[in-house]
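Here is how the chains run, residue by residue.
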Amino acid sequence: MSLDAADLEQPRRATADLQQNRHVAAVKPVPFRGGGFVHTRHRFVALFLFVVLVILWEIGSQTGFISNIALPAPSEAAGAMADLFETGMIWKHLSASLYRLVIGWSVGSLIGVTVGLAVALFSIVRAGVSPFVSALFPIPKIALLPLFIIWFGIGEGSKVATILFGVFFPTVIATYGGVDNVDRNLIRMGQSFGLSWLSIVRKIIIPGALPAILSGFRISASIAIILLVAAEMIGAEFGIGAYILMAGALFATDQLIAGVAMLSVLGLTVGWLISRAERWLLRWRA
Amino acid sequence: MITTTRRTALSMFAATALGLVAGAALTPAAQAADAIKIGILSLTSHSPSIIAEGKGYFDEQDLDVEFVSFQAAQPMAVAIASGDIDFGMTAISGGLISLAEKGAVRIIGGALQETPEIEGQKILVSKAAHDAGVTSPDKLAGRSFGVTTQGSSFHYMAHKIADKAGFDRSELKITPMQKVPAVIAALKSGQIDAWSIVPNIAGALTKGPEVVEIGKISDYIDNYQVTTVFTSTRNVTDNRELVTRFLAGLSKGIDDYNAAFVDKTMGADDVAAITGMVHQYVYADQPIDKAGPRIAAGAMRINSGARLNVASVEDQLKWFQSEKLAPEGVTMEDLVDTSFVEAY
Amino acid sequence: MELILDRVSHSYGNVEVLNDISLSVGSGEIVCIVGPSGCGKSTLLRILGGLEKPDSGAALIAGDPPADSLNPLTYVFQDFALLPWRTVEGNVSLVLEDHAIPKDRARAIIADVLARTKLSEFAGAWPRQLSGGMKQRVAIARALSVNPAVMLMDEPLSALDSQTRDLLMDDLVDLWGQVGFSACYITHNLAEAVRLGHRIVMLSRRPGRIREIVDIDIPLNERINHPAETTAIQRRLWEAMRDEARAADRELSDVA
């Protein structure tokens, strides 16, 4: 009993020693070195920065510090935007562009995913097709525009085709890259349970490649918007790209900025939609 | 604490960067008193300044000239505004008017002019359209008309044809193709129905079976001032003497051009010498014996003394404004300075 | 039904991994295969389940599997192999979907196996929400749902911490008490083998040969009450394996 008691005393004495030692050497806390390198969410910083920049820009334009040849005032660009709404032209431009974007992007993505899956699943297709994809992907589709015009006409065909081709290649690459990265063990598991080939593709390979395919979509959607301006260079009466090109030709910089702002809003909207799709389709992820 | 300062620093940086960009665009291009830069396109109509330089007319005016080549008229106007070049010569476009409104450029003289006695711009249709019955410009209603960009001179001509022929402007489907070669390709392949163009290009096109000529622009636009000479507003206000000397040199070049190519009153040797000078910039990728006839073919008159048809310019300005391709507030005074040359 | 390995040898390139192995897994029997790392245990299991063809010898089935067995030879993997985009229920359902089972029948099977593996309340959970032990329970539930004739278990507890492992071992013993499944159970952990195996087959280091076969006739559910006997067996096995394990540890590995 007494021994146990002595054991219990032990730590207490140790702290007492420490207290006493304090007079000899000062006791201080261990310095904290673990701070920083952590992302914290600042929701309104971007908005705030944007507003501040626009205000500075407006002030610069009003005072003449920024010449109106170099850059129109934001209020002028807003005026051009307001004109678009007033005349209802914005809906003509938007609907024309959206039509081209939606058809070009969805058909390009659909074919891209299909070809990407074929490349990933059949080694004969991979051997045959993937060198072509690698060779054709870096070609600026704008360079092919004259050919597209001969093939598809100056109507909607060549515009949709430009976007479609621009979307197709990154989608193929994202898809087969995604399939290549699907956990082999999951596929082996499927085989070990006697799942059919189609079931393995549908239930294991495609969902497994989905995150990569969706990030591919994010990129291909941006490419589609970039190509919109190029696509509407030829024979387009309406469309955001045509509007921007016309503004450039007329040196109407207020309209130019308004058009570019429309493209930005379009890009943000598309990005937001894809984020929503990701959140829903990949809800199984953390 | 630290994050706040960092954020402010960031926004300050962004603001400074913006200021720098704007500031850079504002800085006037450094230029010696007598060194000037002239923007040209590789077209015969730009030869007067080439001839003036070659024959030393600019030297007489104590001007040291450098030529800057452009692919299209629009960037030339912008380059004047930015101070990269001093003088240019192109068609009146929406961009030019817009830059005039912003106080950057000013028209100081006239150049290419449609005159009844000299072959002028032609109205062309594709073979398919011709076969479908478009045999004269009056029948263009409901057809597509190729232009480089909206607000280009082609756009103006198309609407003037509609006005005179008596159908609504909206019945012509204006089809922007960005570049002249693209319009040519589209016309040849029948993807657009009609176009209008200077006689030397028109002549080359109608030689083939794909394109048919159906009329002349001069029947639809009176005394059309096709191209003008322009410079920066700064030159007009601060450097009037320089502008005067440039126009004096240019005028002598214009006289030689008209004598050599339009009126053909010049001796063969002199014509050959002038053709040689022009060839350095026009059709330079072809040998002289091939390029020579092309340079001379279908040359249109350039107003002697750079006379300016103000009525035509005003008509064009009104058209731009009626089509909302130029700001409503622009006046003729914003656009043109008539004090340098004879205006009529 | 009995699963038999008949004189199986196998090489990868020049490296012989299995040499003349014969063994059988009888109905309701758990056969544990132990051996130092790199002795070809996993290869042996792949051959047993038909995922790999042996160079010589054969994997054979004697007798017919039970008529209601959807997938007679069913694996349980060390890394669980759950589809992260399917819930617990969905992962079990995956292996039933190809078999044209009526919907309510399938639902009944799923409910039954989840109950047996104590997962009923987690039916709607995503794999990422589960601990390692729970994940392996899902994998075992999935294996049970196809009513396997033999379960081929490849180090099923090796990725788990020792407490979870103990819990899961108890659960497996309970489960065997209820279902009486047969299994070929691969492990490098002798304690697991001694706790779960009716028979323990010890392989030598590469090329794997059968070194020793030990039958333990203490019923599974009573082994916990016979610590002395089981510890003795475990010790004897370890004595036999120690030098092999040490040598194997020092070998350079270039075999899959």
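Residues numbered from 1 in each chain as written. Chains lettered and ligands numbered in written order. Predicted model: local features only at pLDDT ≥ 70, side-chain atom pairs only at ≥ 80, totals over all residues. Heavy atoms only, no water.

A. Fine view of the overall build of chain A. What chain A contains, in helices and strands, is 11 helices and zero strands. On C-alpha atoms alone, chain A measures out to a radius of gyration of 30 Å, which is more than a quarter above the 19 Å that the 2.2 N^0.38 rule sets for 286 residues. The principal-axis extents of the C-alpha atoms in chain A amount to approximately 100 × 70 × 30 Å. Sorting the 286 residues of chain A into buried and exposed places 40% on the buried side. Contacts in chain A between residues at least 24 apart in sequence constitute 70% of all its contacts with a sequence separation of at least 6. Counting only carbon and sulfur atoms, one obtains 69% of the accessible surface of chain A, whose full area is about 16200 Å². Of the side-chain charges in chain A, 21 are positive and 15 negative, and the distance between the mean point of each set is 10 Å. (Helix = DSSP H or I, 4+ residues; strand = E, 2+ residues; numbered from the N terminus. Rg over C-alpha atoms; globule rule 2.2 N^0.38 Å. Buried < 20%, exposed > 50% of the residue type's maximum accessible area, 1.4 Å probe, protein only. Contact = heavy atoms within 4.5 Å. Areas by Shrake-Rupley, 256 points an atom, 1.4 Å probe, with all protein chains shown as cover. Lys, Arg positive; Asp, Glu negative; His and termini not counted. Charge placed at Lys NZ, Arg CZ, Asp CG, Glu CD.)

B. Quick peek at the interface of chain A and chain C. In this complex, chain A contributes 18 residues to the contact, which on the side of chain C involves 23 residues. With both chains or domains summed, chain A and chain C bury close to 1900 Å², and 66% of this area falls on carbon and sulfur atoms. Area buried by chain A at its contact with chain C is led by Phe193, Lys203 and Trp284 of chain A, which between them contribute 40% of it. Our count for the contact surface shared by chain A and chain C stands at two salt bridges. Between Glu97 of chain C and Lys203 of chain A there is a salt bridge, and its shortest N-O distance comes to 2.7 Å. Counting every contact that joins chain A to chain C gives nine residue pairs in polar contact (both at pLDDT 80 or more). Broken down by class, the residue content of the side of chain A that touches chain C amounts to eight nonpolar, six polar and four charged. (Buried area = accessible area lost by both parts, 1.4 Å probe. Salt bridge = Lys/Arg side-chain N within 4 Å of Asp/Glu carboxyl O. Polar contact = N/O pair within 3.5 Å; in protein donor to acceptor, adjacent residues only side chain to side chain. Nonpolar A, V, L, I, M, F, W, Y, C, P; charged D, E, K, R; others polar.)

C. Expanded view of the sheet that holds strand β4 (residues 56-62) of chain C. All names here are of chain C. The strand order β2-β1-β4 describes an open sheet built from three strands, whose pairing is antiparallel. The open sheet has two edge strands with one neighbour each: β2 (15-25) and β4. Strand-to-strand twist of the sheet, defined as the mean angle between neighbouring strand axes without regard to direction, takes the value 10°. Bridge count for strand β1 (residues 2-12) against β2 is seven bridges, and the pairing is antiparallel. When the sheet's bridge partners are listed, Ser11 is paired in β2 with Glu16. With respect to the sheet, helix α1 (residues 41-48) is in contact with β1, β2 and β4, its orientation differing from that of β1 by roughly 125°. (Pairing = 2+ DSSP bridges. Axes fitted to C-alpha atoms, helices over the stretch in contact; angles between N-to-C directions.)

D. A look at the layout of surface pockets. One number sums up the size of the second largest pocket: a volume of about 1200 Å³. Lining the second largest pocket are 39 residues, with Met246 and Gln255 of chain A together with Glu323, Lys324 and Leu325 of chain B positioned closest to its centre. Secondary-structure elements contributing two or more residues to the lining of the second largest pocket are α3 (74-87), α4 (89-121), α10 (240-249) and α11 (253-281) of chain A together with α5 (94-101), α7 (153-165), β7 (173-176) and α14 (310-322) of chain B. The element that contributes the greatest number of residues to the lining of the second largest pocket is α3 of chain A, accounting for seven residues. Counted by class, the lining of the second largest pocket contains 14 nonpolar, 13 polar and 12 charged residues. (1 Å grid on protein atoms, 1.4 Å probe; cavity = no way out; pocket = protein on both sides within 12 Å on 5 of 7 lines; lining within 4 Å. Points joined across faces, edges and corners; volume = space filled by probe spheres on them.)

E. Highlighting the interface of chain B and chain A. Contact residues are listed per partner, giving 30 residues for chain B and 30 residues for chain A. Interface area lost by chain B to chain A is led by Lys102, Gln150 and Gln191 of chain B, which between them contribute 23%. Inspection of the chain B/chain A interface yields zero salt bridges. Applying the counting criterion to the chain B and chain A interface returns six residue pairs in polar contact (both at pLDDT 80 or more). Of all the secondary-structure elements, those providing two or more residues to the side of chain B that touches chain A are α1 (2-26), α4 (73-82), α5 and β7 of chain B. Its residues assigned to classes, the side of chain B that touches chain A shows 15 nonpolar, 12 polar and three charged.

F. How the structure looks around the sheet that holds strand β3 (residues 30-34) of chain C. Residues and elements named next belong to chain C. Taken in spatial order, the six strands line up as β5-β6-β7-β3-β8-β9 in an open sheet, and their pairing is mixed. The strands lining the two open edges of the sheet, one partner per strand, are β5 (73-76) and β9 (210-215). Direction aside, neighbouring strands of the sheet carry axes that sit 15° apart on average. Pairing of strand β6 (residues 150-154) with strand β7 (residues 182-186), which is carried by five bridges, proceeds in the parallel orientation. Paired with Asp154 across the two strands is Ile186, which belongs to β7.

G. Region of interest: helix α2 (residues 47-54) of chain B. Residue and element names in this part refer to chain B. Counting buried positions along α2 yields six of eight residues, so the element is predominantly enclosed. Three or more residues of α2 are buried, namely Ser47, Pro48, Ser49, Ile50, Ile51 and Ala52. Residues of α2 that are buried make contact with β1 (35-41), α3 (57-60), β2 (64-70), α11 (240-262) and α12 (268-279). Remark: Gly56 follows α2 within two positions and exhibits a positive phi of approximately 85°.

H. Spotlight on the confidence of the model for chain A. Confidence in the prediction for chain A averages 87 pLDDT; 92% of positions are at 70 or higher. For chain A, per-element mean pLDDT is lowest for helix α1 (residues 2-21) of chain A, which scores 53, and highest for α4 of chain A, which scores 94. (pLDDT = per-residue confidence, 0-100.)

I. Representation of the packing of aromatic side chains within the structure. One pass over the full model with this rule turns up 18 aromatic pairs over all chains. Centroid distance Phe85 of chain A to Trp91 of chain A: 5.7 Å. Interplanar angle 80°. Geometry classified as edge-to-face. Between Phe148 of chain A and Phe152 of chain A, the aromatic rings sit 5.9 Å apart at their centres with planes inclined by 55°, giving tilted as the arrangement. In this pair, Phe148 of chain A and Phe152 of chain A are both assigned in helix α6 (residues 145-152), four residues apart and thus about one turn of the helix distant. Members of the aromatic cluster, connected to one another through ring pairs, are Phe148, Trp151, Phe152 and Phe165 of chain A. For Arg283 of chain A, the ring lying beneath its charged end belongs to Trp280 of chain A, and the centroid distance is 4.9 Å. Geometry around Tyr283 of chain B places Arg294 of chain B over its ring, the cationic atom sitting 5.7 Å from the centre. (Phe/Tyr/Trp six-rings, centres within 6.5 Å; stacked < 30°, edge-to-face > 60°. Lys NZ or Arg CZ within 6 Å of the ring centre and 35° of its normal.)

J. Highlighting a negative patch on the surface. A grouping of Asp59, Asp62, Asp64 and Glu66 of chain B is seen on the molecular surface, where their side chains present a negatively charged patch. Along the chain, Asp59 of chain B turns up in helix α3. (Patch = residues over 30% accessible without salt bridge, like charges linked within 9 Å, V, L, I, M, F, W, Y side chains within 5 Å.)

K. Just the arrangement of the chains, in detail. Most contacts, when the two pairs of chains in contact are compared, are made between chains A and B. Structurally, chain B and chain C remain out of contact, their C-alpha atoms never closer than 34 Å.

L. Examining the domain arrangement of chain B more closely. All names here are of chain B. In terms of domain boundaries, chain B breaks down into domain 1 (35-113 + 225-335) and domain 2 (122-219). One C-alpha centre belongs to domain 1, the other to domain 2, and the line joining them spans 25 Å. Interface of domain 1 and domain 2: buried area, both sides summed, is about 1100 Å²; carbon and sulfur atoms make up 60% of it. Of all residues in domain 1, Asp315, Trp319 and Leu325 bury the most surface against domain 2, accounting for 40% of the area lost on that side. Remark: the boundary between domain 1 and domain 2 carries two salt bridges. For Asp315, the salt bridge is made with Lys160, and the minimal N-O distance between the two is 2.8 Å. Linking domain 1 with domain 2 are six residue pairs in polar contact (both at pLDDT 80 or more), by the criterion used here. At six residues, the largest contribution of residues to the side of domain 1 that touches domain 2 is made by α14. (Domains from an automatic or database assignment.)

M. Summary view of helix α3 (residues 103-116) of chain C. All names here are of chain C. A rise of 1.5 Å per residue sets the reference length of α3, with its 14 residues, at 20 Å; its end C-alpha atoms lie 20 Å apart and thus fit the reference within 8%. All buried positions along α3 are accounted for by Ala106, Ile109, Ile110, Val113 and Leu114. Projected down its long axis, α3 carries its buried residues within an arc of 125°, all on one side. In α3, those exposed residues whose orientation departs by more than 90 degrees from the buried face are Asp104 and Arg107. Among the structural elements, α2 (88-94) and α4 (132-145) are those in contact with the buried residues of α3. One or two positions beyond α3, positive phi appears at Lys118, with a value near 60°. (Expected span 1.5 Å × (residues − 1). Arc of directions from axis to C-beta.)

N. Highlighting the pairing of β7 of chain B. Residue and element names in this part refer to chain B. In this structure, strand β6 (residues 144-147) lies alongside β7, joined through four bridges in parallel fashion. Its bridge partner lying in β7, Gly146 is registered against Thr175. After leaving β6, the chain enters α7 and then returns to the sheet as β7, a path that is right-handed. (Right-handed = clockwise from strand over helix to strand, strands pointing away.)

O. Up close: a positive patch on the surface. Side chains of Arg41, Arg43, Arg276 and Arg279 of chain A sit close together on the surface and give a patch of like positive charge. Overall, the relative accessible area of 71% leaves Arg41 of chain A in the exposed class.

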